[in-house]
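Examination of the molecular architecture
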Amino acid sequence: MKNLALIVLSVLMGIGNSGRCQSTVFSAFDGSEKLANKSFEEGNYIEAITQYQKARKHNPGNSAILLRLAESYYLAKDYKNTISTYDIFLSIQGNVLGVKDLYQYAEAQSSLKEYKIAIELYSRYLKLQPDNEVVSKKIWRLNNLHYLYEDSAHYAIRSVPINTSFGELCAVSYRDGVVFTSNRKTSGSVTKVNANLNTPFYQLYSAKSKIDTATRMGYVLQEPMIFAKSIKSKYNIGPVAFYDHEQKMVYIASSLQEGKNGKRSLGIYFGELDKSGWRNVSGYQHNSDLYSIYDVTISEDGKLLIFSSNMNGGIGGRDLYSSQYSDGKWTTPMNLGEPINTTQSESFPYLHRDGYLYFSSDGHAGMGGLDIFKIQLQSVGNDEPQNLGYPLNSSYDDFGLSMDSLATHGYFTSNRKKGRYDDDIYEFDLDSKTYPFVVTGIVKYKEHTWSDQTETKIWSNVKISLFDSWKGKSVYDITTDENGKFSVSVPYFSKYYIQIFDQKGNEHKVSLEILKYRAEADVHEIVIIKDIFGENGAEK
């Protein structure tokens, strides 16, 4: 009987322990989901992904967790995992998605250039919401993407050397270089970390330009330094815009005080340059802890602000607003309304002196992600924003455009290289010439130096290559005829030089300058000093 009692007691104890273990398992699952939901609501999508993954291990069939995980990936700009998670959901639940998830699923497909699938998903969305004009326009655009490539030959873009594996964005010209925003790590100092991205907070940097010693063609940006240390913030600061002949600036920065919701909102602040450097003058009187202002542009006279914000009463997630300086104060922000703002988000405004407003949007029909658009401020209400097309726009996020006074040179930001929040700054040049066009020339040589009286002679049957120095490749190869003449086709705007190879394989480089507004090129005469050609390849 004692042995039997011991067995019964042991069984009862086992049942009790099993109940506690089961309770612990469910508590862990419940805790992971609660932590995930909390991180999600706080905008910390990277942490939310980690917690939703843990919760899903305990309950792999929970459809609500799968949908939240997919949305977290989407908001973290991880579109590959967005798609795979929605695919898993559909394999479990069947071909059923709500309008919000259908839209995010389609947007993710579009960002990865899966345009046919995106069109199919947008079409399914329209069956649920047939009056949605934004989605109707997106379908039309994806069916007619070729229109966005029509002007691509007029642009030359290249990544700038100051980019890192962190985020660099929103470069604007300043003096003999640029000022930009970055969350890069700074060596030799302890920095606060932005928990949402697990990176340092964004700060302002400046980089001066110098002659490109490698090619001797154009300028490159030097190693960046912290800009305006006197207004450096412990939290996020930037982007920035300059006005009044670069003596004043307006910039975005985190509030030093937490709001009632425990968060620091972003707002507009003004700075002025004096003998001791930059100093903060004031904050925008319509800053609030109830909403954030994310990016800003200002007219040269300092009387017109345009910014993006998530303040209540907007049309979409972020809208563009204007505010004017009058009688010593800024007017109440006015929503720019349609057709600029959509039910999605418009951001990164840039006001050019020619009256065009440039901005980025994921609501207007484009190539995927954020695309850059422009519209004449005076024509708002009459015209639709114009997509700037490829290569300024891509299937990824493209934003933060700024330009010189002629609108022929500038910078923009894109995450087209690696996606997510690894934003990079790109430099661009715009040319109005019609491409392709033909450059003709003749190659001659002298036997000795320029100081003697040796006659220049025709150099026939010599190999010539037209080399794109920005892309690092040859785009056209030809051999001179019996009279030393050649014709090369210039396919698009870029920085070129001509390579000449003699019969022994020696190379000589000649810069080819393509002016932006000239007519068809004249005949180019290239003269090589033959006796020093193989020694140092000196250009003549």
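First, a word on what this report is: a plain description of the structure on this page. Because the structure is a prediction, the values reported are computed rather than measured.

**Digging into the pairing of strand β24 (residues 424-430)**
- Burial analysis of β24 places six of its seven residues in the buried class, the great majority of the element.
- Note that strand β1 (residues 155-159) and β24 share five bridges and pair antiparallel. By the bridge assignment for β24, Ile157 is matched with Phe428.
- Here six bridges tie strand β23 (residues 409-414) to β24, and the two strands are oriented antiparallel to one another. If you follow Tyr411 over to β24, its bridge partner there is Glu427.

**Observations regarding unusual backbone geometry**
- Each neighbour pair has its own omega, and for Glu338 with Pro339 the value is 10°, a cis peptide bond.
- Note on placement: Pro339 falls in the loop between β17 (334-335) and β18 (346-351).
- Each neighbour pair has its own omega, and for Tyr390 with Pro391 the value is 10°, a cis peptide bond.
- Checked against the element boundaries, Pro391 lands in the loop between β21 (386-387) and β22 (398-403).
- In this structure, Lys77 takes a positive phi of about 65° despite not being glycine.
- Tracing the chain through its elements places Lys77 in the loop between α3 (63-75) and α4 (79-93).

**Quick look at the side chain of Arg158**
- For Arg158, the location among the structural elements is in strand β1.
- Within the structure, Arg158 has its side chain in polar contact with the side chain of Asp429 (distance 2.6 Å).
- Excluding residues within four positions of it along the chain, Arg158 makes contact with Tyr426, Glu427, Phe428, Asp429 and Trp470.

**Quick word on the pattern of salt bridges**
- A complete count under the given rule lists 16 salt bridges for this structure.
- Lys38 is paired through a salt bridge with Glu42; the nearest N and O atoms lie 2.7 Å apart.
- One continuous salt-bridge network, built from bridges that share partners, spans Glu133, Lys137 and Glu384.

Here is what the cut-offs are and how they apply
- Every chain is numbered on its own, with residues counted from 1 as its sequence reads.
- For a predicted model such as this one, the threshold for reporting local features is a pLDDT of at least 70, and the threshold for listing and counting side-chain atom pairs is 80 or more; totals across whole chains, interfaces and linings nevertheless cover every residue.
- To obtain the side-chain values, all non-hydrogen atoms of the structure were used and water was disregarded.
- Working definition: with a 1.4 Å probe on protein chains only, accessible area under 20% of the residue-type maximum means buried, over 50% means exposed, and in between means partly exposed.
- Note on conventions: DSSP H or I runs of at least 4 residues are helices, E runs of at least 2 residues are strands, and numbering of each starts at the N terminus.
- Strand pairing follows a simple DSSP-based rule, namely that at least 2 bridges must link the two strands.
- Here a polar contact is taken to be a pair of N or O atoms separated by no more than 3.5 Å, where protein atoms must pair a possible hydrogen donor with a possible acceptor and residues adjacent in sequence count only if both atoms sit in side chains.
- In what follows, residue pairs with any heavy atoms lying within 4.5 Å of each other are defined as contacts.
- Salt bridges are counted wherever a side-chain nitrogen of Lys or Arg sits within 4 Å of a carboxyl oxygen of Asp or Glu.

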